[in-house]
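# Understanding the architecture of this molecule
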Amino acid sequence: MSVIKNYVAQHEQRMLDELFDLLRYPSVSADPKYKADVLKTAEFVATKLIEAGAENVEVCQTAGYPIVYGEKIIDATKPTVLVYGHYDVQPPDPLELWETPPFEPTIRDGKIFARGACDDKGQFYMHVKAFELMMQTDSLPCNIKFMIEGEEEVGSDNLGDFVKQNKNKLKADVVLISDTAMISMEHPSLETGLRGLSYLEVEVTGPNRDLHSGVYGGAVANPATILAKMIASLHDDNNRIAIPGFYDDVINLSDAERDALNSAPYDDAEYKADLGLNELWGENGYSTFERTGTRPTLEVNGFWGGYIGEGAKTVLPSKASAKISMRLVPNQGSAKITKLFTDHFLSISPPSVKVKVTPHHGGEPVVTPTDSVAYKAAQQAIAESFGKEPIPTRGGGSIPIVALFEAELGIKTVLMGFGLDSDNLHSPNEKYDIANYFKGIETIPLFYKYFDELSK
């Protein structure tokens, strides 16, 4: 551990400067206007992998944005770790809510504020620097492969084809991902599962053009009003999702599993204070940990229609739309849930409007084994680095490719994230603690050490 800490201390400023260079690229995969910047980011990642000591580094073209691959094979008889991450980021909007520009990383109170600081540039770059550390200190005990993609934030549409076409190239014993969170630096944790995802867009159309709300209001159905009523009907009075068949495949946790999950440190008052809330909301009968990790949800991610500019415009809109995401739990299938939603939403639409449902992307829920060699290696690494055993938790987010790796490569994943739930992922003022960044760089080499030892 002293060798690790000494190397980090000697190169701390350079490692931080490199991360800042990475964060300055506006690699927004969802918006075509950033295409050139996304491609430049891929080249930057490839360059840094080469500088760190990786071989056979490629910027692999896909039908969308490229996947950066690199490897270091020290001994074919040694175990191999496949590191996954993504260099694309969420759109920074709304820009006016950022205290500092989203692509000009800024340090405040020991935290890096920038889009992608935690999700996932700061986290995947820890692995690049940890790899550099092991190479420079001659302490890499395992083979390592990197696969860093540029489309995670838009559903990883082309990753599946890449994985299927490159199974031999990607052959490994475990996938290691840092794109998740821990409870806190005082209470380190390891996520043992992720929810799946069904993401779609709905559109309600009424009249064939926008209308004067005084001339036509009261005689013509307002698509925005109809859409609001339809969305409101998707939850019942107990805040359960009111789509027939939605819960049919949900596996309920046992009392022992619920007790174990809820034993993690949690303060309701702190949780509300952090979010500026007076009261929490969710499915009746479940705790916050259960609601965010083990229960399915349905959320409106965006809603628009009519005039939303400055000042007043009394318009009855021709159309109204919304983006909706559903987080799924083990045993629920994204295709089935998408169909259930579509069928139900169309069935509740009144004859005064036309309704269209467009699926965007989805992913399957996963549970990672806690008795595997890789998980035990992560446990030991965190225990040594933090001085205490990590708490097993369930993640509320989705990384659809985890299920893909298991299906196509036949390998499990370890979710060893160093972010925090309070890091404003997908929100203005995204941040990542400098301490977490360097703690990740210190901990990752220990994972390799223990993974090699436990694999013998």
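Whatever comes next refers back to the structure up there.
All values derive from a computational prediction rather than experimental measurement.

### Things to note about the overall build of the chain
A count of helical and extended segments in the chain gives 13 helices and 20 strands. Once the C-alpha set of the chain is aligned to its principal axes, its extents read approximately 75 × 50 × 45 Å. The burial tally for the chain puts 52% of its 456 residues in the buried class. Intrachain contacts of the chain at a sequence separation of at least 6 include 79% that bridge at least 24 residues.

### Details of the pattern of salt bridges
A complete count under the given rule lists 25 salt bridges for this structure. For the salt bridge of Arg24 with Asp21, the shortest nitrogen-to-oxygen distance reads 3.0 Å. In this structure, the salt-bridge partner of Arg258 is Glu290, at a minimum N-O distance of 2.2 Å. Of the two residues, Arg258 is situated in helix α7 (residues 255-261) and Glu290 in helix α9 (residues 288-293); the sequence distance between them amounts to 32 residues. Classification of Glu290 as buried rests on a relative accessible area of 2%. In the salt-bridge network here, residues are joined through shared partners; they are Arg14, Glu18, Lys129 and Glu132.

### A short note on the environment of Ala378
When you line up the elements, Ala378 lands in helix α11 (residues 373-386). For the pair Ala378 and Leu415, spaced 37 residues apart in the sequence, the C-alpha separation amounts to 8.9 Å. Not counting residues within four places of it along the chain, the set of residues in contact with Ala378 comprises Leu190, Val414, Met416 and Phe447.

### Observations concerning the sheet that holds strand β15 (residues 354-363)
The strands making up a sheet are joined through hydrogen bonds of the backbone, oriented either antiparallel or parallel. Taken in spatial order, the four strands of this open sheet run β12-β14-β10-β15, and their pairing is antiparallel. The open sheet has two edge strands, β12 (297-305) and β15, and neither has a second partner. Ignoring strand direction, the axes of neighbouring strands in this sheet form an average angle of 15°. Relative to strand β14 (residues 319-328), β12 is paired through eight bridges, and the arrangement is antiparallel. Bridged to Val300 within β14 is Ile324. Here helix α6 (residues 223-232) sits on the sheet in contact with β10 (196-205), β12, β14 and β15, set at roughly 20° to β14.

### Details of the pairing of β10
Of all the ten residues making up β10, nine are buried; the element is thus mostly covered by neighbouring parts of the structure. Sheet topology places β10 next to β14; ten bridges connect them, and they run antiparallel. By the bridge assignment for β14, Leu200 is matched with Ile324. Bridge analysis of β10 against β15 gives nine bridges, and the strand direction is antiparallel. Of the residues in β15, the one forming a bridge with Glu203 is Lys356.

### Some remarks on a nonpolar patch on the surface
Taken together, Tyr266, Tyr271, Leu275 and Leu277 make up a surface patch of nonpolar side chains, about 350 Å² in accessible area. Within the fold, Tyr266 resides in the loop between α7 and α8 (268-275).

### A look at α6
Along α6, the residues that are buried comprise Pro223, Ile226, Leu227, Met230 and Ile231. Viewed end-on, α6 has its buried residues packed into an arc of 130°, placing them on one side of the element. Looking at α6, the residues exposed on the side facing more than 90 degrees away from the buried face are Lys229 and Ala232. Tucked inside the fold, the buried residues of α6 contact β10, β12, β13 (315-316), β14, α10 (334-347) and β15. Sitting at the head of α6, Asn222 places a side-chain oxygen 2.9 Å from the backbone nitrogen of Ala224.

### Points about the sheet that holds strand β20 (residues 431-433)
Strand order in the open sheet made by the three strands is β4-β5-β20, with antiparallel pairing throughout. At either end of the open sheet lies a strand with only one pairing partner, and these are β4 (106-108) and β20. Within this sheet the neighbouring strands show an average axis-to-axis angle of 30°, counted without direction. The pairing of strand β5 (residues 111-113) with β20 spans three bridges and is antiparallel.

Definitions and limits used
Residues numbered from 1 in each chain as written. Predicted model: local features only at pLDDT ≥ 70, side-chain atom pairs only at ≥ 80, totals over all residues. Heavy atoms only, no water. Helix = DSSP H or I, 4+ residues; strand = E, 2+ residues; numbered from the N terminus. Buried < 20%, exposed > 50% of the residue type's maximum accessible area, 1.4 Å probe, protein only. Contact = heavy atoms within 4.5 Å. Salt bridge = Lys/Arg side-chain N within 4 Å of Asp/Glu carboxyl O. Pairing = 2+ DSSP bridges. Axes fitted to C-alpha atoms, helices over the stretch in contact; angles between N-to-C directions. Patch = residues over 30% accessible without salt bridge, like charges linked within 9 Å, V, L, I, M, F, W, Y side chains within 5 Å. Areas by Shrake-Rupley, 256 points an atom, 1.4 Å probe, with all protein chains shown as cover. Arc of directions from axis to C-beta. Polar contact = N/O pair within 3.5 Å; in protein donor to acceptor, adjacent residues only side chain to side chain.

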